[in-house]
Amino acid sequence: MTDLRSPKTLPETKAFANVKVLWVRHWNDRLFSFAVERPASFRFRSGEFVMIGLPGDGEGAKPIMRAYSIASPHYAEELEFLSIKVEDGPLTSKLQLIEPGDEVYMGKKPTGTLVTDALVGGKRLFFFSTGTGLAPFLSLARDPDVYSMFDQVILVHSVRQVSDLAYHDELQARLAEDPLVSDEAATQFHYVPTVTREPFRTTGRIGDLIESAALFGDPVQGAKRLNPETDRIMLCGSMAMIRETAAMLDGLGFEEGSNAKAGTYVIERAFVD
Ligand SMILES: Cc1cc2nc3c(=O)[nH]c(=O)nc-3n(C[C@H](O)[C@H](O)[C@H](O)COP(=O)(O)OP(=O)(O)OC[C@H]3O[C@@H](n4cnc5c(N)ncnc54)[C@H](O)[C@@H]3O)c2cc1C
């Protein structure tokens, strides 16, 4: 069916930039990706997040703004995001209806702890994500600098259902279509999807994959356990996954890093459920 509605532009604000939506891709009824034009003055580090939003309901209402990890690497011309669709969510019940040409609001100051600056050097870099917690790792995994800093980059994405494995094909192909990292990713990047509530080739939760050592071994090279001497870890996703995994890492002698003081692991709590 041809869509005849005209693009929705938004009133200007002082606090936020109006950015134009370039494309939208729906993965299923719970997830979608979209990209916006990158304002010329917008700078960020791979792995950071920014506020995204739409006008509030009613005259004089404040915009509804929410934190969103930028899924594009820092050099990208467009800014890509991966979003949940929360049925009654103040923002995402509306945001899921955006179409190319529409405008959304974007904050001017990106920030975050899932940046390589917050980690001391190491050999293996592990990304542990649940759900939309994948987004900052799409940014980092497509950043050539990451491959010069680490020998291996291992992305674990845990979801409930197979259709929640957004970007599965691109990641499974080791980013072979990516003009900037395809050569490095072909040998250094490993993708480990896991599905906890449907049959799939891997079904363990992140903690189980680490404890049982199923995560290690071919193609991931090196020790079959996490080692604070050589391994660096980034966590993003549900509170439960972060709480459990961070406790495990603390027990193994890892130290949480921040922008103020680099460490051996970093976390970002993206959502409470
Ligand atoms: C640092 C940070 C980075 C974030 N990055 C992203 C991102 O890249 N993509 C994204 O979709 N969301 C992200 N979020 C969550 C996002 O800010 C909003 O919560 C989300 O867009 C839903 O907004 P809402 O107004 O529709 O519902 P809200 O009122 O914000 O949330 C309603 C309910 O939905 C749950 N929920 C919210 N977000 C998610 C989610 N992503 N996955 C599962 N359950 C969720 C909440 O726990 C809550 O119970 C991030 C949050 C933080 C703090």
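Each value, and the rule that gives it
- Residues numbered from 1 in each chain as written.
- Predicted model: local features only at pLDDT ≥ 70, side-chain atom pairs only at ≥ 80, totals over all residues.
- Pairing = 2+ DSSP bridges.
- Helix = DSSP H or I, 4+ residues; strand = E, 2+ residues; numbered from the N terminus.
- Axes fitted to C-alpha atoms, helices over the stretch in contact; angles between N-to-C directions.
- UniProt positions renumbered as here; feature names shortened; annotations may be inferred.
- Core = buried A, V, L, I, M, F, W, Y, C linked by C-beta atoms within 7 Å.
- Buried ≥ 20, exposed ≤ 12 C-beta atoms within 10 Å, placed from the backbone.
- Domains from an automatic or database assignment.
- Contact = placed C-beta atoms within 7 Å.

(A) The arrangement of the sheet that holds strand β6 (residues 103-106) in detail. Taken in spatial order, the 6 strands of this open sheet run β4-β3-β6-β1-β2-β5, and their pairing is antiparallel. Every other strand in the sheet has two partners, leaving β4 (64-69) and β5 (78-84) as the edge strands with one partner each. Taken over all neighbouring pairs, the strand axes of this sheet differ in orientation by 40 degrees on average, direction set aside. Relative to strand β2 (residues 31-37), strand β1 (residues 17-26) runs antiparallel, the two being bridged by 5 bridges. Each bridged residue has a counterpart across the sheet, and for tryptophan 23 the counterpart in β2 is alanine 35.

(B) Molecular detail of the UniProt feature "domain: FAD-binding FR-type" (unreviewed entry) in the protein. In the numbering adopted here, UniProt assigns the feature "domain: FAD-binding FR-type" (unreviewed entry) to residues 14-117. Secondary structure content for residues 14-117 is 4% helix and 38% strand, while the C-alpha to C-alpha distance between its ends is 30 Å.

(C) Broad picture of the nonpolar core. Formed by 71 residues in total, the largest nonpolar core has its most connected members in Phe127, Val153, Leu155 and Val156. Lining this core are residues from two domains, each supplying at least three of them: domain 1 (17-106) and domain 2 (116-271). In contact with phenylalanine 127, other than residues within four places in its own chain, are Phe137, Leu140, Ile154, Leu155, Val156 and Met234.

(D) Examining the domain arrangement of the protein more closely. Here the domain parsing of the protein yields domain 1 (17-106) and domain 2 (116-271). Its C-alpha centre places domain 1 at a distance of 24 Å from the equivalent point of domain 2. Facing 18 residues of domain 1, the contacting portion of domain 2 comprises 13 residues. Mapped onto the side of domain 1 that touches domain 2, the elements with two or more residues apiece are β2 and β5. Top element by residues in the side of domain 1 that touches domain 2 is β5. It accounts for 4 residues.

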